[in-house]
Each structure stands twice: as structure tokens, then as C-alpha cells.
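Take a look at the letters that make up each chain.
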Number of protein chains: 2
Amino acid sequence: MENIKVPEEFKVLISNRDKRYVRQCSIDCVVFGFAQNQMKVLLVQWKYLDKWTLPGGFIHQDEPIDQAANRILKERTGLEKLYLKQFATFGDPHRSRSKDMQQMLDAMGIFLPEDNWLFERFISIGYLALVNFDRVTPNTDLLSSVCGWHNLSEIPDLMFDHTHIIQTALGTLRKQLYTEPVGKYLLPEKFTMPELQKLYETILGEPLDRRNFAKKISSMSSVKRLKERKSGGAHRAPYLYTFI
Amino acid sequence: MENIKVPEEFKVLISNRDKRYVRQCSIDCVVFGFAQNQMKVLLVQWKYLDKWTLPGGFIHQDEPIDQAANRILKERTGLEKLYLKQFATFGDPHRSRSKDMQQMLDAMGIFLPEDNWLFERFISIGYLALVNFDRVTPNTDLLSSVCGWHNLSEIPDLMFDHTHIIQTALGTLRKQLYTEPVGKYLLPEKFTMPELQKLYETILGEPLDRRNFAKKISSMSSVKRLKERKSGGAHRAPYLYTFI
């Protein structure tokens, strides 16, 4: 068996009771991207465990929760300056009482007493992030060995209630398609109407009528048609659009 | 000065550290009603204090948060079986660190040490409730002396960040006017299109074009025109509508 070296920072985290972090409250981030006509979600794999989780963490006692979400996402994925919004808070009493945490600690050779704060019930505030896939280089932190994109249609086994959190985030995104500038964050700066429709169809998981779609989009004040057409030379090349 | 009798239940609440309730987490409910062409919000006044608050409370360690919101609303207002949904979580580190709590305790002659759990930072989960004004008889609980409706346009001084919470709830309601059956909970079972329009105009705080409004409403699958017309005898009495 590999000789495991427990990071000093992690030792502080698990011993630091009641002081640095808000008790019984955590943050989980659902980061969506779009590439190869697939919706992608960013997951991290914890060291010493064969399971995946959403990028998440705790809230410093003097830290606003939105700021904590930004910090956590930066620490765990390298991303910053994102579309990042609260979408729901998850408060089932059994959601975080899983054996996954204990398994990881066992693998690291760490023993914590039952009343350690990490074993308490956690209520988790969910944040939804939208990022341009091409501009993102995920990195890892002290707890995770891998951070990477997964197709939303092929999500691996997740810890805790993270599958449910992702489904709720997707439901929120679907409801906001005609009120929030979703494509602004998921597509390149300039795009054609068929490209935008493909994004919407992928998010919704169903085909859309071309004319109805164009009509709904043109009623959104945030989408603007440019004078340019998509390059490539065809005589009837489609117009380009952008979000303003 | 009045001889204050501190309720036994309250003594338990303030002494019961770390056990019954989730630490650093609370629930606040924004209850909207509609009457006399005014949006109303339900507020409670704490005993021994001249300030108002939203109906709120704590979460039992073994209780799902939605269930806690329902229980709190029933305990503090007598309401149950409502439209009650989470809308946002409030996490400014200074939001609950006010002197209001200390003032109330002083007035009751209670001294609590600085490290009492009630003085910790609280992150509050906001729930939005919509109720039919005519069916509601607010009542009080052990901490509140008055529970009653206030016009949204004339809200008194509130404790903590509760004015901000109400404004956020109103913003959420405005965004959902054409996607959620808002009128189902705020109006009587049957209503005319002008009555529904008046409700929407009151929530939005601005007049709406009659034709555009009727067109938008008729595209909502939840609104149905009945064969009945509004009684009163006029030859051209308006049709009645209902939510299905």
C-alpha cells in the first residue's frame, strides 16, 4: 500500500473545530460547459477515494456566501470571474451523513471522534456556474486528485446527494432559457441561430421548432443580430448573433 | 416597569446549546397576500421590542428544511398547506449580528454569555409563501405579541436584513408572473381578466397594456376561461377565469 502523506492544511481543517468555518453549512458548485454538442459538468475526484463530487467547500465565519462560492470555485478549479449564481439550498437531514467521508479518512489513516464537526449534518447552498469550455483549464487542490469535465449524459457515481443537486441545477437552467442570457456564457462571442438552437436543444434534451425558436429568441432584448455572416464563403451563409 | 415572566419554552431555547437546532442556520418566511388592491406582507412583532420581523425560526437537527419552513409558518402564523417555496439564501456575515436580539433579552432581564449560540452568525434560508388573504387568521406564538398584515408599500422598521429579504422575494415573484400560477394563490378561485391584471400591475408596480396582458395570460396553460360570466347582471359582464 502506498505510504500516504496527509497534507498539513488538511490536518488543520479537520482539527479546527468551531473557529474558521460556519458550522453545518457548505457550498456546492454545479459548473456547466458546452462542447462537441454536449453539456458538460465539472467534477472533482477526491484523493484516496474512487468517487466523484461537485467542487465544494466551507464558508469562513467573516465571509459573504457569494464570495465563498467564488473562492471555492477558484481554489478547486482555477476558474474565476464567472456567471455564478445561487440556485437552491439543499437541506435533507441525511444528505451528508454518508460513509464516504469516513472511508476517505480511513484510507488516509486519520481517526476523528464522532463529534468532530465534519460529521455533523450539513445544509448546502447550491451555486450554478456557466463557463466557456474553451477558456477553462481545471486544476486540482489538496483534497482532489482529478478535476475534469464529464458529459452530463454520462455522470459517474457521485458522493452525497450530488446527482440530485446537478438535476436541480439543470432544471433551473431550463426554466431560465428565455429570461437569462445563458448562451452568452456557454457559446463563443459570435454564433449562428442554428448553433444557439443546438445549445438550447441540448439543455432541454428535445428538438425545437426552428421558427418558434427564432421568434422567441428575437423577443429577447439581450440577443442582437450582427451585420456579419458566418465566414466560410457560402453565398447564403447564416448571420452571426451576439449577446449584448 | 411591567414584571416580565419569561416563558419556560424560551428559557429552554436559549439554553439548549448545540443540541436541538442546526447551528448558524435559520429560516425566514415572506408571506404575501392581496387585498383591497394592495400587496400585503405578514409580519410579527417581538414581545418587549418595538420592532417587526418576518416570521422565522430554527431547523431541528433531524428535520428537512422544507418541513421546518412549514412548521415555523404554522407555529408563528397559524397557516398551513400553502404555496411555500425556497427563493434565496441570505449569507452576509453581518446580517444577524445586530443589537436587536440583545435589546430584547435585556428587556426580559436575561443575560446570555457572548458565546451563546443565538449570538453566532446565522445564514438564513428565505421561503416565499402566497396565501389567500380572506382565508387567513394570523395568530401569535411565545415570542411574538402581534402577527398581522402590512401593506407592502408601508412596511415598518424591520430587524436584521428583513427589508432586503422582502425586496428579494418581491423580485422573485415578479420574475415568475408568467411561469408560476401566482394568481391561483392570491385571488379567489374565480376571477375576471381585469382582476388578474390589477393583481399583476400591483405586484409589478406599473400599468400593463390590456391586450398584451391578455395575450400573455392566454399563452399560459394554467389559466382557463370558464363559461360563466361575472354575476351582477350587466349584459356585457366579463368572463370568469380560473387556474387549473
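Just so it is clear, the model here is predicted, and its values are computed rather than measured. Within every chain, residues take consecutive numbers counted from 1 along the sequence as written. Starting at A for chains and at 1 for ligands, labels are handed out in the order in which the entities are written. Predicted model: local features are reported for residues with pLDDT of at least 70 only, side-chain atom pairs are reported and counted for 80 or more only, and whole-chain, interface and lining totals are derived from all residues. The basis for every side-chain value is the complete set of non-hydrogen atoms in the structure, without hydrogens or water.

Secondary structure elements follow DSSP: runs of H or I no shorter than four residues count as helices, runs of E no shorter than two count as strands, and numbering proceeds from the N terminus. Secondary structure summary: chain A contains 7 helices and 10 strands in total. Should any heavy atoms of two residues lie within 4.5 Å, those residues are counted as being in contact. Considering only intrachain contacts with a sequence separation of at least 6, the fraction spanning at least 24 residues in chain A is 74%. Reported accessibility uses the Shrake-Rupley method at a 1.4 Å probe radius. Residues are deemed covered only where the shown protein chains occlude them. When the accessible area of chain A is evaluated, it comes to approximately 12,500 Å², of which 49% is carbon and sulfur surface. Neither His nor the chain ends contribute to the count of charged residues, in which Lys and Arg are positive and Asp and Glu negative. For charged residues, the charge sits on one atom: NZ in Lys, CZ in Arg, CG in Asp, CD in Glu. Taking the average place of the 34 positive charges on the side chains of chain A and the average place of its 29 negative ones, the gap between the two points comes to 10 Å.

When the copies are superposed, the least-squares fit draws on C-alpha atoms of residues that have pLDDT of at least 70 in both. When chain B is fitted onto chain A, the two copies agree to an RMSD of 0.0 Å after a turn of 180° and an axial shift of 0.0 Å. Both chain copies can therefore be described as sitting about a two-fold axis. Distance from the rotation axis, computed per C-alpha, reaches its smallest value in chain B at Arg23(B): 3.0 Å. Here 100% of the interface residues in chain B have copies in chain A that are interface residues too; the copies meet face to matching face.

To continue, consider the packing of helix 6 (residues 193-204) of chain A against helix 7 (residues 210-218) of chain A. Residues and elements named next belong to chain A. Where helix 6 contacts helix 7, the axes come no closer than 11 Å and their chain directions differ by 100°. Accordingly, the angle class assigned to the pair helix 6 and helix 7 is roughly perpendicular. Along the contact surface, helix 6 presents Met193, Leu196, Gln197 and Tyr200, while helix 7 presents Arg210, Phe213 and Ile217. Each residue belonging to the contact of helix 6 with helix 7 can be placed in one class, and the counts come to 5 nonpolar, 1 polar and 1 charged. Geometry is summarised by axes, namely lines fitted to C-alpha atoms with helices restricted to the contacting stretch, and by angles between N-to-C directions that run from 0 to 180 degrees. Throughout, the term roughly parallel applies to angles under 35 degrees, roughly antiparallel to angles over 145, roughly perpendicular to angles from 65 to 115, and oblique to all others. Each residue gets one label: Ala, Val, Leu, Ile, Met, Phe, Trp, Tyr, Cys and Pro are nonpolar, Asp, Glu, Lys and Arg are charged, and the others, such as Gly, are polar.

All names here are of chain A. Pairing of aromatic rings covers Phe, Tyr and Trp, the last counted by its six-membered ring, and requires centre-to-centre distances within 6.5 Å; plane angles under 30 degrees mean stacked, over 60 mean edge-to-face, and any other angle means tilted. Applying the stated criterion across every chain, the model contains 22 aromatic pairs over all chains. Ring geometry for tyrosine 21 versus tryptophan 117: centroids 5.8 Å apart, planes at 15°, classification stacked. On the criterion of sequence distance, the pair formed by tyrosine 21 in strand 1 (residues 21-35) and tryptophan 117 in the loop between helix 3 (100-107) and strand 6 (123-130) is long-range, its members being 96 residues apart. Partly exposed residues are those whose accessible area sits between 20% and 50% of the maximum for their type, while under 20% is buried and over 50% is exposed, using a 1.4 Å probe and protein chains only. For tryptophan 117, a relative accessible area of 1% translates into the label buried. Ring pairs connect the aromatic residues Tyr21, Phe58, Trp117 and Phe122, which therefore count as one cluster. Any Lys NZ or Arg CZ that is within 6 Å of a ring centre and within 35 degrees of that ring's normal is treated as a charge sitting over the ring. The ring centre of tyrosine 178 lies 4.5 Å from the NZ or CZ of lysine 216, which sits over that ring.

Residue and element names in this part refer to chain B. Taken in spatial order, the 3 strands of this open sheet run 8-10-9, and their pairing is antiparallel. Each edge of the sheet is formed by a strand with only one pairing partner; in this case those strands are strand 8 (191-192) and strand 9 (223-229). For two strands to pair, DSSP has to find at least two bridges joining them. Sheet topology note: the strand 8/strand 10 (residues 239-243) ladder contains 2 bridges and is antiparallel. Residue pairing in the sheet places threonine 192 in a bridge with leucine 240 of strand 10.

Residue-level contacts link 25 residues of chain B with 25 residues of chain A. Accessible surface is computed with a 1.4 Å probe, and the buried area is the amount of it that two parts give up when combined, taken over both parts together. Summed over both sides, the interface of chain B with chain A buries roughly 1,700 Å², with 48% coming from carbon and sulfur. A carboxyl oxygen of Asp or Glu within 4 Å of a side-chain nitrogen of Lys or Arg is what we treat as a salt bridge. One can count 2 salt bridges joining chain B with chain A. The residue Glu180(B) makes a salt bridge to Lys175(A) at a minimum N-O spacing of 3.9 Å. Polar contact is the term for a pair of N or O atoms within 3.5 Å; when the atoms are in protein, one must be able to donate a hydrogen and the other to accept it, and sequence-neighboring residues count only if both atoms are side-chain atoms. Between chain B and chain A we count 15 residue pairs in polar contact (both at pLDDT 80 or more) in total. Looking at the side of chain B that touches chain A, the elements with two or more residues in it are strand 1 (21-35), strand 4 (56-60), strand 5 (83-90) and strand 6 (123-130) of chain B. Among the elements that line the side of chain B that touches chain A, the one with the most residues is strand 1 of chain B, at 5 residues. Its residues assigned to classes, the side of chain B that touches chain A comprises 11 nonpolar, 6 polar and 8 charged.

Here we come to the sheet that holds strand 10 (residues 239-243) of chain A. Pairing in this open sheet of 3 strands is antiparallel, and the strands run 8-10-9 (chain A) from one edge to the other. Two strands in the sheet have a free side with no partner beyond their single neighbour: strand 8 (191-192) and strand 9 (223-229) of chain A.

The next point concerns unusual backbone geometry. Phi angles above zero are rare outside glycine, and Gln36(A) is one such case at about 45°. The topology assignment puts Gln36(A) in the loop between strand 1 and strand 2 (38-46).

What follows is about helix 2 (residues 65-77) of chain A. Take the number of residues in a helix, subtract one, and multiply by 1.5 Å to get its expected span. Given a rise of 1.5 Å per residue, 13 residues ought to cover 18 Å, and the 18 Å separating the end C-alpha atoms of helix 2 of chain A matches this to within 8%. After helix 2 of chain A finishes, the residue Gly78(A) shows a positive phi value of roughly 85°.

The next thing to look at is the state of the cysteines. Residue and element names in this part refer to chain A. Count a disulfide wherever a pair of cysteine sulfur atoms falls within 2.5 Å. Tallying each qualifying case throughout the model produces 0 disulfides over all chains. In this model cysteine 147 remains outside any disulfide bridge; the closest cysteine sulfur is found in cysteine 29, 11 Å from its own. Classification of cysteine 147 as buried rests on a relative accessible area of 11%.

Okay, the environment of Gln197(A) next. Residue and element names in this part refer to chain A. The topology assignment puts glutamine 197 in helix 6. With relative accessibility at 10%, the residue glutamine 197 sits in the buried group. Glutamine 197 sits 13 residues away from arginine 210 along the chain, and the two C-alpha atoms are 7.8 Å apart. With near-sequence residues (within four places) excluded, glutamine 197 lies in contact with Leu208, Asp209, Arg210 and Phe213.

On to the domain arrangement of chain A, then. Interface extent is often summarised as the accessible area lost during association of the parts. Residue and element names in this part refer to chain A. Boundary definitions for the domains trace back to an automatic or database domain assignment. In terms of domains, chain A is made up of domain 1 (8-175) and domain 2 (182-243). A separation of 32 Å is found between the C-alpha centroids of domain 1 and domain 2. With 13 residues of domain 1 at the contact, the number on the domain 2 side is 11 residues. Area buried by domain 1 at its contact with domain 2 is led by Phe34, Leu130 and Arg174, which between them contribute 44% of it. Taken together, domain 1 and domain 2 are joined by 3 residue pairs in polar contact (both at pLDDT 80 or more). Listing elements by their share of the side of domain 1 that touches domain 2, those giving two or more residues are strand 1, strand 2 and helix 4 (162-175). Across the side of domain 1 that touches domain 2, the residue classes break down as 8 nonpolar, 4 polar and 1 charged.

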